[in-house]
Amino acid sequence: MSKVLVVDDDISLSQSVQETLSAFGYVVDVANSVDEAETMLFASVYELIILDWVMPGVHGIDYLARLRGRGVQTPVIMLTGMNTIDHKSAGLDTGADDYLTKPFNTKELLARVRALLRRPPVMKSSLLAVGNVSVDTKTLQVKCAENEVKLTRQEFLLLEFLMRYPNQVFNSEALVERAWSTLSESSPDTVRVHLSRLRKKLESAGVSPIKTHHGQGYLFEDCS
């Protein structure tokens, strides 16, 4: 039984999609904002995400870019009211797997859902390694020169994100936007506290890859 997350601020539409897919045996959750979607994605595993392009606050297309940047490979169907080739190309280039223009036919939605769920899962290593630090995105295990380091989920998310973009500087606002589990409970001060704790844990294992560029932000230094 496949589990689907519908992310759309249009309550009437999202409920209609939920009812339609539920009637065909899918387990469907609905999020009416990116904040709600973040909470649900950290609590559950979904086989498919149906994501509206334009929403208040963070647009769906920007949220999709953030998910792909974090390494999330869950198939995504983008919903939009625009139907130009450039618009469609932008969605697909960002990482969408399929595209539906509103208003759409229920049969077409079901066909697209079935097609994506028939695809074999992406065979991708869960191991990310930079220098002598490695993380396993499935088990959340972190090793520094073969020494295991225990991190909180938020510390892990910060480390994983910085490791995906080694030697690139990100300020506190960018880390809140792209590497935080709950956008509503974050601030630059909170980022600094978590990074300080993360650094201490890594240094206790014999490595110090996270550097501060004063006035600019933070980076994971790849010295390999």
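Residues numbered from 1 in each chain as written. Predicted model: local features only at pLDDT ≥ 70, side-chain atom pairs only at ≥ 80, totals over all residues. Heavy atoms only, no water.

Asks: Tell me about the side chain of Asp52, residues and numbers included.
Replies: As for its position among the elements, Asp52 is in strand β3 (residues 48-52). For Asp52, the residues in contact, after removing those within four places along its chain, are Val7, Asp8, Asp9, Gly60, Met78, Leu79 and Lys102. (Helix = DSSP H or I, 4+ residues; strand = E, 2+ residues; numbered from the N terminus. Contact = heavy atoms within 4.5 Å.)

Asks: Account for the sheet that holds strand β6 (residues 127-130), naming residues and giving values.
Replies: Overall, antiparallel pairing links the 4 strands, which are arranged β6-β7-β8-β9 in an open sheet. The open sheet has two free edges, formed respectively by β6 and β9 (147-149), since each of these has just one partner strand. Neighbour-to-neighbour, the strand axes of this sheet turn through a mean angle of 25 degrees, independent of strand direction. Pairing geometry for strand β7 (residues 133-136) and strand β8 (residues 141-144), over 4 bridges, is antiparallel. Within the sheet, the bridge partner assigned to Val133 lies in β8 and is Cys144. (Pairing = 2+ DSSP bridges. Axes fitted to C-alpha atoms, helices over the stretch in contact; angles between N-to-C directions.)

Asks: Hey, could you go over the environment of Val113 for me, with residue numbers and the actual values?
Replies: Position of Val113 relative to the elements: it lies in helix α5 (residues 106-118). Spatially, the C-alpha atoms of Val113 and Pro75 are 9.6 Å apart, while their sequence positions differ by 38 residues. With sequence-adjacent residues up to four places away left out, Val113 is seen in contact with Leu21, Tyr26, Leu48, Ile50 and Ile77.

Asks: How would you sum up the environment of Leu110? Please name residues and give values.
Replies: Along the chain, Leu110 falls in helix α5. Note on Leu110: relative accessible area 5%, which makes it buried. In this structure, the C-alpha to C-alpha distance between Leu110 and Leu21, residues 89 residues apart in sequence, is 7.4 Å. For Leu110, the contacting residues outside a window of four places in its chain are Thr20, Leu21, Phe24 and Tyr26. (Buried < 20%, exposed > 50% of the residue type's maximum accessible area, 1.4 Å probe, protein only.)

Asks: Which residues make up unusual backbone geometry, and what values go with them?
Replies: The residue after Lys102, namely Pro103, is reached through a cis peptide bond having omega -10 degrees. Residue placement: Pro103 occurs in the loop between β5 (98-101) and α5. Positive phi is not limited to glycine here, since Glu146 has a value of about 75 degrees. In this structure, Glu146 sits in the loop between β8 and β9. On the basis of relative accessible area, Glu146 is assigned to the exposed category, the value being 67%.

Limitation: the analysis is restricted to geometry and does not speak to function.
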